[in-house]
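Now for the letters of each chain:
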Amino acid sequence: MYTTRWIAPSNIAIVKYWGKFDHQIPANPSLSFTLTHSHTDTKLTVIESKTTQNDDPTLEVFYDGISKPEFQPKILKFLQAILNEYPWLKGKLLKIETKNTFPHSSGIASSASGMAALACCIEDLHATYFVGQPFRWHKASESARLGSGSACRSVYGGFVQWGHSSDGEGSDFFATPVQEVHPNFKTIYDYILILDSGEKSVSSTVGHSLMKNHPYASHRFKQGKENTVKLKAILKTGDWSRFIELMESEALTLHAMMMTSTPPFILMKPKTLEAIQKIWQFRQTTNLPIGFTLDAGANLHLIFTADALEAVEQKLLPEVQYLCEQNTIIKDLIGRGPFKAD
Ligand code: DP6
């Protein structure tokens with residue numbers, strides 16, 4: 001019996017991954033930062049199983065102590081995708097005990113943190129017990145990608161790129177941390193306004209596939225490539241106003257792609273637009289570096305630096321909190337990435 005436990009945070013994309021090819025190859029590079037508090041905590045126990053007839057591992061999955069057989073198909077698909085890299089998984093019984101610090105449907109990508117945590121557990125057992133070699137972060141990221149694209153970015157802390165960009169950096173197979181980041185971006189907050197916690201009408205999987213025959217796909221993929229290179233230059237120079245301009249354009253473009261898909265769909269809610277207006281008004285009157293981004297959902301991510309923290313807490317939140325379900329705002333910030341728990 002082998003066991004390990006890893007904690008992996010979710011991440012928020014500034015340049016969005018939206019559209020992919022076979023084997024989880026992204027249509028354009030993306031760039032995110034990894035969070036701190038919004039994370040998945042996963043304990044993996046691998047048990048020898050003499051009764052298993054076929055080659056696939058068998059699973060027992062518990063979420064917050066409760067058995068969740070409905071989680072098995074997605075995890076099994078993920079394990080099948082990484083069996084070549086980790087052949088010792090074959091025929092084993094895997095007990096997975098997992099929990100998130102953030103609520104389901106909060107607009108925080110639980111597949112990103114969940115797949116990153118599981119990929120780290122598997123790479124750790126591989127390194128420690130099965131081959132006796134150092135932990136390979138790029139392999140954990142590559143595996144996580146096969147579980148969920150955005151998960152490969154959650155294997156590293158700070159700002160992280162996934163997908164090759166025209167400056168010769170990055171890989172489509174795994175994520176890499178962005179090296180040069182100006183001190184202006186060392187502390188960066190993500191306050192998530194929970195404007196709608198209902199189930200999304202269209203899943204990310206369907207959204208990605210609708211980019212296949214999308215009339216604006218080629219332009220969007222080109223823009224995503226350009227924005228990745230532009231964003232790295234912005235991160236280097238520490239230019240907050242250009243950061244916000246690019247971030248908001250990426251968020252609105254993502255939702256514009258949804259609205260112009262066939263069939264079209266809209267994930268923003270009236271409250272999302274209301275909150276955006278409030279943020280824009282607040283920025284105009286205070287001139288503070290505060291912007292927003294959106295994931296594939298209605299909830300708004302308020303992104304700002306330490307300089308704006310006091311103003312956000314004291315002046316902006318009272319203006320937007322009433323829009324949130326049960327006044328819920330999840331307060332997070334940039335973090336260091338996954339780590340092994342004791
Ligand atoms: C809008 O990573 O959830 O959050 O690879 O199908 O699991 P799959 O998709 P997923 O898509 C994330 C889309 C996004 C943008 C992003 O995180 O880059």
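Please read all numbers here as calculations on a predicted model, not as lab measurements.

Cut-offs and rules
Residues numbered from 1 in each chain as written. Predicted model: local features only at pLDDT ≥ 70, side-chain atom pairs only at ≥ 80, totals over all residues. Heavy atoms only, no water. Axes fitted to C-alpha atoms, helices over the stretch in contact; angles between N-to-C directions. Helix = DSSP H or I, 4+ residues; strand = E, 2+ residues; numbered from the N terminus. Parallel < 35°, antiparallel > 145°, perpendicular 65-115°, else oblique. Left-handed = near helix turned anticlockwise from the far one by under 90°. Contact = heavy atoms within 4.5 Å. Nonpolar A, V, L, I, M, F, W, Y, C, P; charged D, E, K, R; others polar. Core = buried A, V, L, I, M, F, W, Y, C linked by side-chain atoms within 4.5 Å. Buried < 20%, exposed > 50% of the residue type's maximum accessible area, 1.4 Å probe, protein only. Pairing = 2+ DSSP bridges.

Visitor: Talk me through the packing of helix 1 (residues 72-82) against helix 3 (residues 137-147); I want residue IDs and the actual numbers.
Guide: One way to put it is that helix 1 packs onto helix 3 with a least axis distance of 8 Å and a crossing angle of 135°. Taken together, the axes of helix 1 and helix 3 lie oblique to each other. For the crossing formed where helix 1 meets helix 3, the hand is right-handed. Seen from helix 1, the contacting residues are Lys-74, Phe-78, Ala-81 and Ile-82; seen from helix 3, they are Ser-143, Ala-144, Leu-146 and Gly-147. Classifying every residue of the contact of helix 1 with helix 3 gives five nonpolar, two polar and one charged.

Visitor: Describe the nonpolar core, listing the residues and the values that go with them.
Guide: The nonpolar side chains of a soluble globular protein tend to be buried, and buried together. Residues Leu-44, Phe-78, Leu-79, Leu-89 and Ile-122 are the most contacted members of the largest nonpolar core, which totals 35 residues. The element contributing the most residues to this core is helix 2 (residues 110-131), with nine residues. Counting residues in each nonpolar core, the second largest holds 25 residues, with Leu-193, Phe-292, Leu-302 and Val-312 among its members.

Visitor: Got a sec to walk through the sheet that holds strand 10 (residues 188-193)? Specific residues and values, please.
Guide: One open sheet holds the four strands; their spatial order is 11-12-10-13, and the pairing between them is antiparallel. Here the strands that pair on one side only, and so sit at the sheet edges, are strand 11 (290-294) and strand 13 (329-333). Averaged over all adjacent pairs, the angle separating strand axes in this sheet is 25°, with direction ignored. Two strands pair when backbone bridges link them, and strand 11 and strand 12 (residues 300-305) are joined in this way by five bridges, in the antiparallel orientation. Its bridge partner lying in strand 12, Phe-292 is registered against Leu-302. The strands touched by helix 7 (residues 270-286) within the sheet are strand 10, strand 11 and strand 12, with strand 11 carrying the most contacts at an inclination of about 160°.

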